[in-house]
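Listed below, chain by chain, are the residues.
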Amino acid sequence: MLRFFAVRLLRALITIALVVTFAFIVLRVSGDPALEIMSVDAPPEAIAAFRKAWGLDAPLWIQYARYLLAILHGDLGQSMRDGREAVVVVAERIPATLELTVPALLFSLAVGIPAGVYAALQRNSRTDRAVMVAAIAGFTVPSFVFGLLLVLVFSIRLGWLPSGGIGGLGHCILPIVTLGVGGAAVLARFARGAMLEVLGQPYIRAGSARGLPWRRVIVSHALPNAAIPTLTIVGFMVGNLIAGAVLVENVFSWPGLGRLLVVSVVSRDLAVVQCILLLIAAVMIGANVTVDLLYGVLDPRIRTAPLCAGAGRC
Amino acid sequence: MLNASHEGAAPPRSAARTAIPPLVVAAVVWLALMLAIALLADVLAPYDYAALDLHHRLSPPAGLGGTVLHPLGTDELGRDVLSRLIASIRMSLLIAFEATCLGAVLGIALGLLAAHFRRWAEQIVLAFVDFQASMPFLILALAVLAFFGNSLALFIALLGLHGWERYARITRVLAISAGAQGYAIAARQLGAEPWRLYIRHVLPNIASSLIVTLTLAFPEVILLECGLSFLGLGVQPPQTSLGNMVGYGRDYLTRAPWILIAPSLVIALSTMSVCLIGDCLRDRMDKALQ
């Protein structure tokens, strides 16, 4: 048990180190930020001064060492655009993104799981097929297309909801639905599959044979067992949710991290991009580790199984 | 007990084996149509995709008050939406096809390497797999693209990196288990070189799972391309792709929704079709992935 947790945590740490290095390589080696920020025709002295001020004149490996040291101190540098701490710039956008992603995740869970379970219980019926086709549509139609179509119908044609920006409750509805639909579709498919697999197990038949009411068999035997694999997929969905937020925030002009990321990438604001990359990596890894650990707690078989099985990835 | 459970599960499966669902047939037809359009783009397009017709700017589709000259309408520079759509289909499919192949070759090669050498080589590959799985690819791609500038070749190479880890993971597991089977041992005993063993013997035997993975990854690459192009960081004007058209049409959402609707429908229907076919293939061919 302890070994299982230790290995998971070690792998998470290695992954974080890789992400940090990746951010450094991509952001530093690819281009000269001094020229990007200062414009090409700036006087050479000014560019040299800029490089010196930001430590861009040192050899790369020294920059890398400084960068690692700074991160360990929690110092992620300043935004090159307005000189404020990158951490502050990023942190003030977090609430807006959470306002979008958390309700979207809840929406996915509330719609996806019941739909999938219901489809599984009605296997091969018309409802089942309809749910599954809707689910395929839900996760193949890109969020930005879906969002723009919603805007077209509900904002422009019907005039019921605002088409973008942040404000009252009305402003949240379209972005949340847009962001949540993909996850709901994935969950519906997955919950259906997990449920069908559990329903085929001998202990379900044993439960019915013992004369338990069908409802009772479902609620106390089938659902808890189907919940275990479904939980893993929720961990993976966090990544899709974040990537989705980048697109959805841009569709709806929502002032969150996703917008900040695209704006910072376009203007090469290294510190802010690094900060966002690290934040997202930390959230993702945290989510995956949590799910793995929870999985280990819920399902004792995992702890004794080969290492990779816990992640459900091998 | 075991027998009973087998019988219980058998009928729907064998029924599914005989008849192909009509939706899947429709999906195959749609994809064939898209492929034909991509191949015959130059013949089919009524105009050059960049040609301007300033007399017919923002003209709606034929039947909705527009002219027959531009069946799907025009954009604000008077460019024919149908011609742009055809050019976009070709561009998007081409990019997705090349990127998927690239990712598959890379992933399979790394997966085989990991399976062959085991130990540290395997651990390195697995660490990269973890890394790739730990970040939403869109975000990595955003960072790389904006910082390395944007050329079509780089864009395709970048999209090729998407999904390699899935092939690597599956190839590794399957190659390890295949390597322990009789035919692989026999080939090795007969003195086959490792690469010959893997290319001629192991790969054909694990191909079905890889093909299913490929069909599942293909729509994701299309979606990624569309998403990045939509954000203005993918295919750059004057070239056009489906996502690019959607991003551009967004600015004319109120005045000319047809610019956006046509490519949106094509994206949605194409990715849905590939997905339906992939599901069907998986149900039929592959037990390992279920």
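So, how was this worked out
Residues numbered from 1 in each chain as written. Chains lettered and ligands numbered in written order. Predicted model: local features only at pLDDT ≥ 70, side-chain atom pairs only at ≥ 80, totals over all residues. Heavy atoms only, no water. UniProt positions renumbered as here; feature names shortened; annotations may be inferred. Helix = DSSP H or I, 4+ residues; strand = E, 2+ residues; numbered from the N terminus. Buried < 20%, exposed > 50% of the residue type's maximum accessible area, 1.4 Å probe, protein only. Contact = heavy atoms within 4.5 Å. Axes fitted to C-alpha atoms, helices over the stretch in contact; angles between N-to-C directions. Parallel < 35°, antiparallel > 145°, perpendicular 65-115°, else oblique. Nonpolar A, V, L, I, M, F, W, Y, C, P; charged D, E, K, R; others polar. pLDDT = per-residue confidence, 0-100.

Going by an unreviewed UniProt entry, chain B carries the name ABC transporter permease and comes from Mesorhizobium atlanticum. Annotation of chain B in UniProt includes, under Sequence similarities (unreviewed entry), the sentence "Belongs to the binding-protein-dependent transport system permease family." Regarding chain B, the relevant UniProt record gives this comment under Subcellular location (unreviewed entry): "Cell membrane".

Asker: For this particular structure, what's the right way to read the overall build of chain A?
Answerer: In terms of helices and strands, chain A carries 14 helices and 0 strands. When the helices and strands of chain A are read in sequence order from the N terminus, they spell out α-α-α-α-α-α-α-α-α-α-α-α-α-α. When the 314 residues of chain A are sorted by exposure, 46% land in the buried category. Contacts in chain A between residues at least 24 apart in sequence constitute 71% of all its contacts with a sequence separation of at least 6.

Asker: Would you explain the packing of helix α11 (residues 214–251) of chain A against helix α13 (residues 270–298) of chain A in this entry?
Answerer: Helix-helix packing is described using two parameters, namely the angle between the two axes and the distance between the axes. All names here are of chain A. α13 packs onto α11 with a crossing angle of 180° between their chain directions and a minimal axis gap of 9 Å. Between α11 and α13, the angle is such that the two are roughly antiparallel. Between α11 and α13, the contacting residues are Ile228, Pro229, Leu231, Thr232, Gly235, Phe236, Val238, Gly239 and Ile242 on the first element and Ile280, Val283, Met284, Ala287, Asn288, Val291, Leu294, Tyr295 and Leu298 on the second. Of the residues contributing to the contact of α11 with α13, the split by class is 14 nonpolar, 4 polar and no charged.

Asker: In this structure, what is going on with the UniProt feature "transmembrane region" (unreviewed entry) in chain B? I would like to understand it.
Answerer: Residues and elements named next belong to chain B. Under the present numbering, the feature "transmembrane region" (unreviewed entry) in UniProt falls on residues 20–41, 93–117, 137–161, 210–235 and 255–277. The distance separating the terminal C-alpha atoms of residues 93–117 is 36 Å; by composition the span is 100% helix and 0% strand. Note that residues 210–235 is 81% helix and 0% strand, and that its end C-alpha atoms are spaced 28 Å apart.

Asker: How should the environment of B:Arg166 be read in this particular structure?
Answerer: Residues and elements named next belong to chain B. Of note, Arg166 is situated in helix α8 (residues 164–179). Here the alpha-carbon distance between Arg166 and Leu40, two residues 126 residues apart in the chain, equals 33 Å. Residues contacting Arg166, with those up to four places away along its chain left out, are Thr213, Ala217 and Glu220.

Asker: Just to check I follow, could you spell out the confidence of the model for chain A for this structure?
Answerer: The predicted coordinates should not be examined in detail at positions where pLDDT is low. Residues and elements named next belong to chain A. Counting all residues, the mean pLDDT for chain A is 78, and 89% of those residues have values of 70 or more. No element of chain A has a lower mean pLDDT than helix α14 (residues 300–304), which averages 58, and none a higher one than helix α6 (residues 94–121), which averages 88. Below a pLDDT of 50 lies the segment residues 305–314, which in the model reaches 19 contacts outside its immediate sequence neighbourhood of four places, other chains included.

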